[in-house]
Amino acid sequence: MDLSEFVLGGLASTGATFFTNPIEVIKHVIKTRIQLQGELAARGTYVEPYKGLFQAFVTVAKNDGWAGLQKGLIPALYFQFIINSFRLSIYQMALNERWMHTKNGDISFGLGLLWGAAGGALGSYLSSPFFMVKTQLQSQAAKEIAVGYQHHHTGMMPALKQIYKKGGLFGLWRGALATIPRASLGSGAQIATFGKTKEFLIEYNLVTQPILNSFAAGLFAGSVMSLAITPPDVITTRLYNQGLDEHGRGLYYNGYFDCVVKILRSEGIYGMYKGFWPNYVRIAPHSTLVLLFFDELLRLRDAYFVKRKN
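Residues numbered from 1 in each chain as written. Predicted model: local features only at pLDDT ≥ 70, side-chain atom pairs only at ≥ 80, totals over all residues. Heavy atoms only, no water.

Counted only if it meets this: UniProt positions are given in the numbering used here, feature names are shortened, and annotations may be inferred rather than shown by experiment.
The protein chain is annotated in an unreviewed UniProt entry as Solute carrier family 25 member 35 from Glossina pallidipes. The UniProt entry for the protein chain carries this comment under Subcellular location (unreviewed entry): "Mitochondrion inner membrane".

Next up, the structure:
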């Protein structure tokens, strides 16, 4: 793995987060709360403080103030840097070594899925403590609009210390395995779509200019990623946010598959797609910028080294 590609992957992600920060913050807070409201209750049988993206934004701003829309931003940045450093550098390595190509030289969608999923799984597992803290901070709300279990953390470091004190290193990685399906599906769909779309646009002479090609392919990849990632995202949110009993066991779910079964039984397929639009509003532009910035940073790196060699 090229260390420069590892660093550039993280920089591309944090750069994209800088530009999409207002959407990022709003999406994370609102998406998390939409996914937690009506937990294990049939549709139409519970009060919905959050009825949609715009109404949820107004509700949070009114009850929690502007600070409520910024909860979890710092751990989100740590999470984004770590996961994208691994998955984008692994993707680029597979591309450079032609591990994503078929025998006739074309980029394979299936191999793109494989390498994108591998990078996403590794990155998400290693960044899991920050995802947990982000989720728990973003679920905290004023009493009038609180949904799900409330942890009452005061910030990222106090949250990490409290989780470690209660469960040790295992506690910091509680639910980490649940992030692997989410990250694998989302990253695999994004990476495979991005590589194949770039190739398609160039092959048919639709978008050949590098920066526009990366932009168009990144936008389409983000749309596909949103569809793939929402169901496992709901499951991850539920598992990370649930409270624990005196034995350290989850109050609602015994594990990943138990969570899937209970959501489908209580909330139906609708429950698996709670928070899709907040997901899409954030993922589409963020995906576009991450992949665009990564490609541009690679081009700048290569141009710099070519000049130095000359």
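1. Some thoughts on the nonpolar core
Within soluble globular proteins, side chains that are nonpolar tend to cluster in buried spots. To keep it simple, the criterion reads: Nonpolar cores are built from buried Ala, Val, Leu, Ile, Met, Phe, Trp, Tyr and Cys residues. Side-chain atoms within 4.5 Å join them into one set. For the exposure calls, accessible area comes from a 1.4 Å probe over protein chains only, and a residue counts as buried if that area is under 20% of its type's maximum, exposed if over 50%, partly exposed in between. Helix and strand labels come from DSSP, where a helix needs a run of H or I of at least four residues and a strand needs a run of E of at least two; each type is numbered from the N terminus. Note on contacts: a residue pair is in contact if any heavy atoms of the two residues lie within 4.5 Å.
With 18 residues, the main nonpolar core has Leu 88, Tyr 91, Met 100, Phe 194, Leu 291 and Phe 294 as its most contacted residues. Mapped by element, the contributors of at least two residues to this core are helix H1 (3-19), helix H4 (73-96), helix H8 (176-203), helix H9 (210-241) and helix H11 (276-309). Here this core gets six residues from one element, more than from any other, and that element is H11. Not counting chain neighbours up to four residues away, the residues in contact with Phe 194 comprise Tyr 91, Ser 214, Ala 217, Gly 218, Ala 221, Leu 291 and Asp 295. Phe 86, Phe 130, Met 132 and Val 133 belong to the second largest nonpolar core, which has 16 residues in total.

2. Re the packing of aromatic side chains
Here is the rule: When two rings of Phe, Tyr or Trp (its six-membered ring) have centres within 6.5 Å they constitute a pair, described as stacked for plane angles under 30 degrees, edge-to-face for angles over 60, and tilted for the intermediate range. By definition here, charges over rings are those cases where NZ of Lys or CZ of Arg is within 6 Å of the ring centre and within 35 degrees of the ring normal.
Per the counting criterion, the structure on display carries 13 aromatic pairs. Pairing Phe 276 with Trp 277 gives two aromatic rings, centres 5.0 Å apart and planes at 75°, and the pair type is edge-to-face. On the basis of relative accessible area, Phe 276 is assigned to the buried category, the value being 16%. Put simply, the rings of Tyr 273, Phe 276, Trp 277 and Tyr 280 touch in pairs and so form one group of aromatic residues. Stacked on the ring of Phe 131, the Lys or Arg Lys 134 has its end atom at 4.3 Å from the ring centre.

3. Things to note about unusual backbone geometry
Among all residues except glycine, the phi angle is most often negative; among peptide bonds, the trans geometry is most common. Even without glycine at this site, Arg 98 takes up a positive phi of about 65°. With respect to the secondary-structure elements, Arg 98 resides in the loop between H4 and helix H5 (109-126). Given a relative accessible area of 48%, Arg 98 falls into the partly exposed group. A positive phi angle, near 55°, is found at Asn 205, a position not held by glycine. Relative to the helices and strands, Asn 205 resides in the loop between H8 and H9.

4. A short note on the packing of H8 against H9
Selection criterion: Angles here are taken between N-to-C directions and fall from 0 to 180 degrees, while the axes themselves are lines fitted to C-alpha atoms, restricted in helices to the stretch in contact. In this scheme, roughly parallel covers angles under 35 degrees and roughly antiparallel covers those over 145, while 65 to 115 is roughly perpendicular and the rest are oblique. Residue polarity is assigned by list, with Asp, Glu, Lys and Arg as charged and Ala, Val, Leu, Ile, Met, Phe, Trp, Tyr, Cys and Pro as nonpolar; anything else, Gly included, falls into the polar class.
Where H8 contacts H9, the two axes come as close as 8 Å, and the packing angle between them is 170°. Taken together, the axes of H8 and H9 lie roughly antiparallel to each other. Looking at the contact of H8 with H9, its residues break down into 19 nonpolar, 10 polar and three charged.

5. A word on a nonpolar patch on the surface
Condition: Patch membership requires more than 30% relative accessible area and the absence of a salt bridge. Residues of like charge join within 9 Å; the nonpolar side chains Val, Leu, Ile, Met, Phe, Trp and Tyr join within 5 Å. Only the protein chains shown count as cover for residues, and all accessible areas are computed by the Shrake-Rupley method using a 1.4 Å probe. We define a salt bridge as a contact between a side-chain nitrogen of Lys or Arg and a carboxyl oxygen of Asp or Glu at a distance within 4 Å.
Side chains of Leu 122, Tyr 125, Leu 126 and Leu 177 sit close together on the surface and give an oily, nonpolar patch of about 360 Å² of accessible area. Top element by residues in the nonpolar patch is H5. It accounts for three residues. Positionally, Leu 126 belongs in helix H5. Taking the relative accessible area as the measure of exposure, Leu 126 reaches 34% and is therefore partly exposed.

6. Considering the side chain of Arg 87
Spelled out, the test is: Each polar contact in these results corresponds to two N or O atoms within 3.5 Å; when the atoms are within protein, one needs to be able to donate a hydrogen and the other to accept it, and residues that are neighboring in sequence are counted only if both atoms are side-chain atoms.
Looking at the secondary structure, you find Arg 87 in helix H4. Within the structure, the side chain of Arg 87 is placed 2.4 Å from the side chain of Gln 190, a separation counted as a polar contact.

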